[in-house]
Every structure is written in C-alpha cells, then in structure tokens.
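# Chains, contacts and geometry: an overview
Now for the letters of each chain:
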Amino acid sequence: MAILNIVKEGDEALRKVCRPVTEITPRIKQILDDMLETLIDSGGVGLAAPQVGILRRIVIVDDGEKYIELINPEITEREGEQEEMEGCLSVPDVWGITHRPMRVKGRALNRDGEEFTFEGEGLTARCFCHELDHLDGKLFVDEALHILTPEEVEERMG
C-alpha cells in the first residue's frame, strides 16, 4: 500500500467527470488499498479517486465505525435537509456552509464486484454527497451557501 498525493483545487483532475469502473482488476483493488491508506493518513472522513488524480468512480467513506468502499456509486434516495459546515482535503483551510440531505441511500459495487446498498445520516450523508460530487467534477465551494472566515470556523469548532 502507498500514501498517495492529494491534489488541490486548481488541478484539472478535480473538474473532470470520472469514468465508471467496468472491471474489478487487481489494479482497482490496489487503488482502493492506497486510497484507504491515504484517507487514514489524512485524518479525513472521505476520499474520492479524482482527489488522488485517478479519474475513476471510486470513493471511500468513514462512517465512524468502518470504512465503506464504493465503486460506481449512485445515490438513489434523499430525505430531509441539513445546513452544516463542510471542508475538503483538496481545498485545505477553507470551510463553508452547505445544504445537503439529512439522509441518503444508494447503491454501489464492492471490491468483489457485488452490488450493495449504502446509507447514511447526518455527517455520513453529507460525506457521501460530497464525495460523489467529486466524481462529477464538483467541489463543495461551488455551491456553498457561505464560505466561513477563520473566526467563524474557530467559533464553530470551539
């Protein structure tokens, strides 16, 4: 496994629509392993393949109990609303208030190519939405309701 370089805002990989994974190969499994190591090292709660310069529809999310690997994910249900603070490993030191669903449900493939459903609420739902946006070339700052000042971040993180 390897810790990959997380690309930053301005890198063209972050603005491209990612290609679906058509076959689960040893290379795809290596990407998942490297992304997991990179996510753990970063201290983040989610990582999408374009954030490490790989234009494939692959995401890993930490739901607080386990890491969820998603290949070709799609959200199928959204419920409720939340407006909360959000940040991104590819946009360091910037925080904003985003409008996201409170709960989401979706489907994806696992590393063995089997379809499964995933769901999340609160922070986990926000993370699923955030990471899947990356797969379509979108960053949270594109639609943030408000970018927070350092003082506002300090106040919220207290």
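Everything numeric in this text was worked out from a predicted model, so none of it was measured. (Residues numbered from 1 in each chain as written. Predicted model: local features only at pLDDT ≥ 70, side-chain atom pairs only at ≥ 80, totals over all residues. Heavy atoms only, no water.)

### Let's talk about the overall build of the chain
Assigned secondary structure in the chain consists of 4 helices and 8 strands. Shown N-terminal to C-terminal, the secondary structure of the chain runs as helices and strands in the order α-β-β-β-β-β-β-β-α-α-β-α. For the chain, whose C-alpha radius of gyration is 15 Å, the value lies close to the compact-globule estimate of 15 Å for 158 residues. When burial is assessed residue by residue, the chain has 42% of its 158 residues classed as buried. Restricting to contacts in the chain with at least 6 residues of sequence separation, those with at least 24 account for 67%. Total accessible area on the chain is roughly 8400 Å²; 45% of this is exposed by carbon and sulfur atoms. If you average the places of the 18 positive and of the 34 negative side-chain charges in the chain, the two averages end up 6 Å apart. (Helix = DSSP H or I, 4+ residues; strand = E, 2+ residues; numbered from the N terminus. Rg over C-alpha atoms; globule rule 2.2 N^0.38 Å. Buried < 20%, exposed > 50% of the residue type's maximum accessible area, 1.4 Å probe, protein only. Contact = heavy atoms within 4.5 Å. Areas by Shrake-Rupley, 256 points an atom, 1.4 Å probe, with all protein chains shown as cover. Lys, Arg positive; Asp, Glu negative; His and termini not counted. Charge placed at Lys NZ, Arg CZ, Asp CG, Glu CD.)

### Observations regarding the environment of Thr-149
Along the chain, Thr-149 falls in the loop between strand S8 (146-147) and helix H4 (150-157). For the pair Thr-149 and Leu-109, spaced 40 residues apart in the sequence, the C-alpha separation amounts to 39 Å.

### Description of the side chain of Ser-90
Structurally, the position occupied by Ser-90 is in the loop between strand S4 (82-88) and strand S5 (91-100). Taking relative accessible area as the criterion, Ser-90 reaches 0% and is therefore assigned buried. Among the polar contacts listed, one links the side chain of Ser-90 to the side chain of Gln-51, at a separation of 3.1 Å. Residues contacting Ser-90, with those up to four places away along its chain left out, are Ile-6, Val-7, Lys-8, Glu-9, Leu-14 and Gln-51. (Polar contact = N/O pair within 3.5 Å; in protein donor to acceptor, adjacent residues only side chain to side chain.)

### Looking at helix H1 (residues 26-42)
A rise of 1.5 Å per residue sets the reference length of H1, with its 17 residues, at 24 Å; its end C-alpha atoms lie 24 Å apart and thus fit the reference within 8%. Those residues of H1 not exposed but buried are Ile-28, Ile-31, Leu-32, Asp-34, Met-35, Thr-38 and Leu-39. In this structure, the buried residues of H1 make contact with strand S1 (46-48), strand S2 (58-62) and strand S3 (67-79). (Expected span 1.5 Å × (residues − 1).)

### Observations regarding helix H2 (residues 123-135)
Along its 13 residues, H2 runs 19 Å from first to last C-alpha, staying within 8% of the 18 Å computed at 1.5 Å per residue. Across the 13 residues of H2, 11 count as buried, placing the element largely inside the fold. Where H2 ends, the next residue or the one after it, Gly-137, has phi of about 80°, a positive value.

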